[in-house]
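Descriptive analysis of the structure
Here is what each chain is made of, one letter per residue.
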Amino acid sequence: AAALPIRLIFVGRLVPYKGADMLIEAASALLKSGKLQLKIIGDGPQKLELEKLVARHDLKSSVEFAGWIDHKKLPEYYAESDVFAFPSIREFGGAVALEAMACGVPAIVPAYGGLGELVTDETGWLLPMGVRSELIERLRTTLESIVNDPNSIDNRGKCARDRVFEKFTWDVKARSIVEVWKTLL
């Protein structure tokens, strides 16, 4: 069962449109209070800027930059996490959310693009799109609600895992393609 501090994980290339900076801003008060911990996995041109943001908000004790991690080791990191937070504003696929969900980690994502189709209200938290300030505020509000009700994590995590294995495995996709072919023939 999830308990405070809630362990957030972000996995992605550190570029502006992936939203790691928005996540840090939205979570800063909860990180500072010790109610959240954040692990950022990935590397990219925005890393130095993100490290400066963490220093400016005095969050070094609650934010860890793990750098680039071999893909095979990611399940270990997901297993240590409670919630996958990924406020990417330009994500057409969203496989990273499916990876987290397959490990039973519910996702916070914008209700947009591929992410908005993979995550549901039962498997995570969908943030309505808006301008940057609105998205940060919606993310902050969502994080506050999770901290105030950590029990909301466990059921979503189970539903997230079930959704991936019911709808997104290669076997399921292959059966769907076969059904389409049968219908066409």
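That block above? That's the structure.
Attention in this report is confined to the structure presented alongside it. For clarity, every value in this text was computed on a predicted model and none was experimentally measured. (Residues numbered from 1 in each chain as written. Predicted model: local features only at pLDDT ≥ 70, side-chain atom pairs only at ≥ 80, totals over all residues. Heavy atoms only, no water.)

Section: the packing of aromatic side chains
Counted under the stated rule, the structure contains three aromatic pairs. Look at Y78 and F84: their rings are 6.2 Å apart centre to centre, the planes differ by 75 degrees, and that puts the pair in the edge-to-face class. Residue Y78 is classed as buried on the basis of its relative accessible area, which comes to 1%. Exposure remark for F84: the relative accessible area of 0% places this residue in the buried category. Considering the side-chain rings of F84 and F86, the 5.4 Å spacing of their centres and the 20 degrees angle between planes classify their relative orientation as stacked. An aromatic cluster is defined as three or more aromatic residues linked by ring pairs; in this entry it consists of F10, Y78, F84 and F86. Between R90 and the ring centre of Y17, over which it is positioned, the NZ or CZ distance is 4.0 Å. (Phe/Tyr/Trp six-rings, centres within 6.5 Å; stacked < 30°, edge-to-face > 60°. Buried < 20%, exposed > 50% of the residue type's maximum accessible area, 1.4 Å probe, protein only. Lys NZ or Arg CZ within 6 Å of the ring centre and 35° of its normal.)

Details of the pattern of salt bridges
Under the defined criterion, the tally for this structure stands at nine salt bridges. Note that R7 and D82 form a salt bridge whose closest N and O atoms lie 3.0 Å from each other. Highlighted residues: R7 in strand β1 (residues 6-11) and D82 in the loop between α3 (74-79) and β4 (83-85), separated in sequence by 75 residues. K39 is the salt-bridge partner of E64, the closest N and O atoms lying 3.5 Å from each other. Of this pair, E64 sits in strand β3 (residues 63-67) while K39 is found in strand β2 (residues 36-41), placing the two residues 25 residues apart along the sequence. (Salt bridge = Lys/Arg side-chain N within 4 Å of Asp/Glu carboxyl O. Helix = DSSP H or I, 4+ residues; strand = E, 2+ residues; numbered from the N terminus.)

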